[in-house]
Amino acid sequence: MLTVASEVEVLVRFGRALADPIRCRLLLALREAPAHPSDLADRLGISRTRLSNHLACLRDCGLVVAVPVGRRTRYELADARFGHALDDLRTAVVAVETDRACPDAEERDCC
C-alpha cells in the first residue's frame, strides 16, 4: 500500500540523494534529458555497476523512474519539478555562498 510521506521524510530523502556527488551529477544529467544507463555511465565516467547502485538509490528515494523502451531501460526524473528544484537549490546556494554575512568566515571557519 502506498502512503504519503511527511514533509520531513521527503526532505530527508532528497538530502540523501544529494549527499553524493555522483548522484548529484546523475540528477543534473537527467534534468537535461532522459538517458539509458550505458550512456549515463559513459557520460559520468563511471562503471555500469557503480551507476546501477546510484540509480537504485535514486529510484528508492522516488526521484527517478525506469521506463522500459523495447529491450532497454531509460531513466528520467520522476517529476519535472525535481529539475526545477535542483535549479533553485543551485542558484540559492550560489547566491548564499557569494554573499557571506561574516567578513571573517574563512578565518573563523563559520557561516
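Please refer to the structure higher up on the page.
Residue numbers restart at each chain and count upward from 1, following the sequence in its written direction. With pLDDT at 70 or above as the cut-off, local features in this predicted model cover only qualifying residues; side-chain atom pairs require 80 or more to be listed or tallied, and sums for whole chains, interfaces and linings still use all residues. Calculated side-chain values reflect all of the structure's heavy atoms, with hydrogen atoms and water omitted.

Asker: Talk me through the pattern of salt bridges; I want residue IDs and the actual numbers.
Answerer: Note that side chains of opposite charge can pair when their charged atoms are close. The working definition used for a salt bridge is a side-chain nitrogen of Lys or Arg within 4 Å of a carboxyl oxygen of Asp or Glu. Counted according to the given criterion, the structure contains five salt bridges. Two residues, Asp87 and Arg31, come together in a salt bridge whose shortest N-O distance is 2.6 Å. Remark: Arg31 occurs in helix α2 (residues 21-32) and Asp87 occurs in helix α5 (residues 80-98); sequence separation between them is 56 residues. Throughout, exposure labels follow a simple rule: accessible area from a 1.4 Å probe, protein chains only, divided by the maximum for the residue type, with under 20% read as buried, over 50% as exposed, and the rest as partly exposed. Look at Asp87 and you get partly exposed, because its relative accessible area is 27%. You can call Arg31 partly exposed: its relative accessible area is 26%. The salt bridge partner of Arg90 is Asp87, with a shortest N-O separation of 3.1 Å. Here the residue Arg90 and the residue Asp87 both occupy positions in helix α5, the gap between them amounting to three residues, near one helical turn. Each helix corresponds to a stretch of at least 4 residues labelled H or I by DSSP, and each strand to a stretch of at least 2 residues labelled E; elements are numbered beginning at the N terminus.

Asker: Please give an account of the nonpolar core that cites residues and values.
Answerer: What is meant by a nonpolar core is a set of buried Ala, Val, Leu, Ile, Met, Phe, Trp, Tyr and Cys residues, joined one to another through side-chain atoms within 4.5 Å. Core analysis: the largest hydrophobic core is formed by 22 residues, its most contacted members being Leu26 and Leu51. Put simply, the parts of the chain that give this core at least two residues each are α1 (7-18), α2, α3 (37-44), α4 (48-60) and β2 (72-77). When residues in this core are grouped by element, the largest group, five residues, is from α2. Residue contacts are counted whenever heavy atoms from the two residues lie within 4.5 Å of one another. Contact partners of Leu26, with chain neighbours within four places excluded, come to Leu40, Leu44, Leu51, His54, Leu55 and Leu58.

Asker: Explain the pairing of β2 to me, and be specific about the residues and the numbers.
Answerer: Two strands form a pair only when DSSP identifies at least two bridges running between them. Here strand β1 (residues 64-69) runs beside β2; their pairing, made up of six bridges, is antiparallel. If you follow Pro68 over to β2, its bridge partner there is Thr73.

Asker: Hey, could you go over the packing of α1 against α2 for me, with residue numbers and the actual values?
Answerer: Throughout, an axis means a line fitted to C-alpha atoms (over the contacting stretch in the case of helices), and angles, computed between N-to-C directions, take values from 0 to 180 degrees. It is at 6 Å that the axes of α1 and α2 come closest, and there the two elements cross at 100°. As the angle between them shows, α1 and α2 are arranged roughly perpendicular. Contacts between α1 and α2 involve Arg16, Ala17 and Leu18 from the first element and Arg23, Cys24 and Leu27 from the second. Amino acids are sorted into nonpolar (Ala, Val, Leu, Ile, Met, Phe, Trp, Tyr, Cys and Pro), charged (Asp, Glu, Lys and Arg) and polar (every other residue, Gly among them). Across the contact of α1 with α2, the residue classes tally to four nonpolar, no polar and two charged. Put simply, angles under 35 degrees are roughly parallel, angles over 145 are roughly antiparallel, angles from 65 to 115 are roughly perpendicular, and the rest are oblique.

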